[in-house]
Amino acid sequence: GAVVSQHPSRVICKSGTSVKIECRSLDFQATTMFWYRQFPKQSLMLMATSNEGSKATYEQGVEKDKFLINHASLTLSTLTVTSAHPEDSSFYICSATQVRDHSYEQYFGPGTRLTVT
Amino acid sequence: AQSVSQHNHHVILSEAASLELGCNYSYGGTVNLFWYVQYPGQHLQLLLKYFSGDPLVKGIKGFEAEFIKSKFSFNLRKPSVQWSDTAEYFCAVVSGTYKYIFGTGTRLKVLA
């Protein structure tokens, strides 16, 4: 149980275009979903926290207009990278927590590798 | 500000050697602690977690960790590593907000 999927797993886009990444909790309802960015050989950097039906909370230094997050249902959150540039190339990972899980465990998706050319 | 330190950035061991990876955090309140593993090209997988109760936690694949509250530590151990344990290991702490604070990770390489 507690599986999180991401789609697509890899995407290549041209500079200036927008890319949408989906994060789904497959077998549970997720009260909260998180979006991380992982640079090569580095740790995960939290970008934003999203709760179903409300606006995402962005970490300091993350541009909310560039990284649009929508959490429309208890099983789906999307991250849209708008007007992508090569420096946005990275590995984006989402995670989700279950409703009423007081251990705060997060379940991670497999990640999406974005390459902006 | 809360932080998590993993002092060993790179560790190289031979098979059958014992492993201990350090994790220290800076937060005085109640915490939940996690160790995740990321195998090359794969996503994060939970090795073990501490929520409450026995501070010695056993996880998957023979890993265990001990929560020592007085030392703000949650070190990961394995008595005998295998080549397949080659991966990156992340410690994470959460303190009531669902928001993880990750350590910088430890890259383990096990020589066959």
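Cut-off values and rules
Residues numbered from 1 in each chain as written. Chains lettered and ligands numbered in written order. Predicted model: local features only at pLDDT ≥ 70, side-chain atom pairs only at ≥ 80, totals over all residues. Heavy atoms only, no water. Helix = DSSP H or I, 4+ residues; strand = E, 2+ residues; numbered from the N terminus. Rg over C-alpha atoms; globule rule 2.2 N^0.38 Å. Contact = heavy atoms within 4.5 Å. Buried area = accessible area lost by both parts, 1.4 Å probe. Salt bridge = Lys/Arg side-chain N within 4 Å of Asp/Glu carboxyl O. Polar contact = N/O pair within 3.5 Å; in protein donor to acceptor, adjacent residues only side chain to side chain. Nonpolar A, V, L, I, M, F, W, Y, C, P; charged D, E, K, R; others polar. Buried < 20%, exposed > 50% of the residue type's maximum accessible area, 1.4 Å probe, protein only. Phe/Tyr/Trp six-rings, centres within 6.5 Å; stacked < 30°, edge-to-face > 60°. Disulfide = S-S within 2.5 Å.

Colleague: Quick question: what am I supposed to make of the overall build of chain B here?
Modeller: Looking only at helices and strands, chain B features zero helices and twelve strands. Helices and strands in chain B line up, N terminus first, as β-β-β-β-β-β-β-β-β-β-β-β. The C-alpha atoms of chain B give 13 Å as radius of gyration, which agrees with the globular expectation for 112 residues (13 Å, within 12%). Considering only C-alpha atoms, chain B reaches an extent of 40 × 25 × 20 Å along its principal axes.

Colleague: Looking at this model, I keep getting lost on the interface of chain B and chain A. Mind explaining?
Modeller: Reports often express the size of an interface as the amount of accessible area lost when the parts come together. Facing 19 residues of chain B, the contacting portion of chain A comprises 22 residues. A buried area of about 1800 Å², summed over both sides, lies between chain B and chain A, and 58% of it is on carbon and sulfur atoms. Connecting chain B to chain A are two salt bridges. Note that Lys99 of chain B is salt-bridged to Glu59 of chain A, the shortest N-O span being 3.2 Å. At the boundary of chain B and chain A, one finds six residue pairs in polar contact (both at pLDDT 80 or more). Of the residues in the side of chain B that touches chain A, the class split is ten nonpolar, six polar and three charged.

Colleague: Please explain the side chain of Thr49 of chain A as it appears in this structure.
Modeller: If you trace the backbone, Thr49 of chain A turns up in strand β5 (residues 44–51). The buried category is assigned to Thr49 of chain A, whose relative accessible area is 13%.

Colleague: When you look at the pattern of salt bridges in this model, what are you seeing that I'm missing?
Modeller: Once the charged atoms of two side chains with opposite charge are near each other, the side chains can pair. For the coordinates displayed, the defined rule picks out nine salt bridges over all chains. For Lys49 of chain B, the salt bridge goes to Glu105 of chain A, with nearest N and O atoms at 2.6 Å. Of this pair, Lys49 of chain B sits in strand β6 (residues 45–50) while Glu105 of chain A sits in the loop between β9 (90–98) and β10 (107–108), placing the two residues on different chains. Looking at Lys49 of chain B, the relative accessible area reads 32%, which means it is partly exposed. Overall, Glu105 of chain A belongs to the buried group, its relative accessible area being 6%. We note a salt bridge from Lys58 of chain B to Glu64 of chain B, for which the minimum N-O separation is 2.9 Å. Relative accessible area serves as the criterion here: at 18%, Glu64 of chain B is assigned to the buried category. Several salt bridges share partner residues, and in doing so they unite Lys58, Glu64, Glu66 and Arg77 of chain B into one network.

Colleague: How do you make sense of the packing of aromatic side chains when you look at a structure like this?
Modeller: For any two aromatic rings, the description comes down to two numbers: the centre-to-centre distance and the angle of the planes. According to the stated counting rule, one finds 18 aromatic pairs over all chains in the structure shown. On the basis of an interplanar angle of 45 degrees and a centroid distance of 5.7 Å, the ring pair of Tyr36 of chain A and Phe108 of chain A is categorised as tilted. With Tyr36 of chain A in strand β4 (residues 30–38) and Phe108 of chain A in strand β10, this residue pair connects regions lying 72 residues apart in the sequence. The pair formed by Tyr36 of chain A and Phe108 of chain A is uniform in burial state, with each residue classed as buried. The interplanar angle of 25 degrees and the centroid separation of 4.9 Å between the aromatic rings of Phe34 of chain B and Tyr100 of chain B together place this pair among those described as stacked. A residue pair is termed long-range when its members are at least 10 positions apart, and Phe34 of chain B in strand β5 (residues 32–38) and Tyr100 of chain B in the loop between β10 (87–94) and β11 (101–102) qualify at 66 residues. Overall, Phe34 of chain B belongs to the buried group, its relative accessible area being 1%. Three or more aromatic residues joined by ring pairs make a cluster, and in this case those are Phe34, Tyr36 and Phe108 of chain A together with Phe34, Tyr36, Phe90, Tyr100 and Phe102 of chain B.

Colleague: What's the story with the state of the cysteines in this structure? I'm lost.
Modeller: Any covalent bond linking the sulfur atoms of two cysteines counts as a disulfide. Scanning the entire structure with this criterion turns up two disulfides over all chains. Each sulfur in the disulfide pair Cys23 of chain A and Cys94 of chain A lies 2.0 Å from the other. With the S-S bond torsion at 80 degrees, the cross-link from Cys23 of chain A to Cys94 of chain A turns out right-handed. Of this pair, Cys23 of chain A sits in strand β3 (residues 19–25) while Cys94 of chain A sits in strand β9, and the two are 71 residues apart along the sequence. A relative accessible area of 0% places Cys23 of chain A in the buried class. Residue Cys23 of chain B pairs covalently with Cys91 of chain B via a disulfide, S to S 1.9 Å. Residues Cys23 of chain B and Cys91 of chain B are joined by a disulfide whose S-S torsion is about -65 degrees; by sign, that bridge is left-handed. With Cys23 of chain B in the loop between β3 (19–21) and β4 (24–25) and Cys91 of chain B in strand β10, this residue pair connects regions lying 68 residues apart in the sequence.

In short, the description is geometric, and any link to function would need to be established separately.
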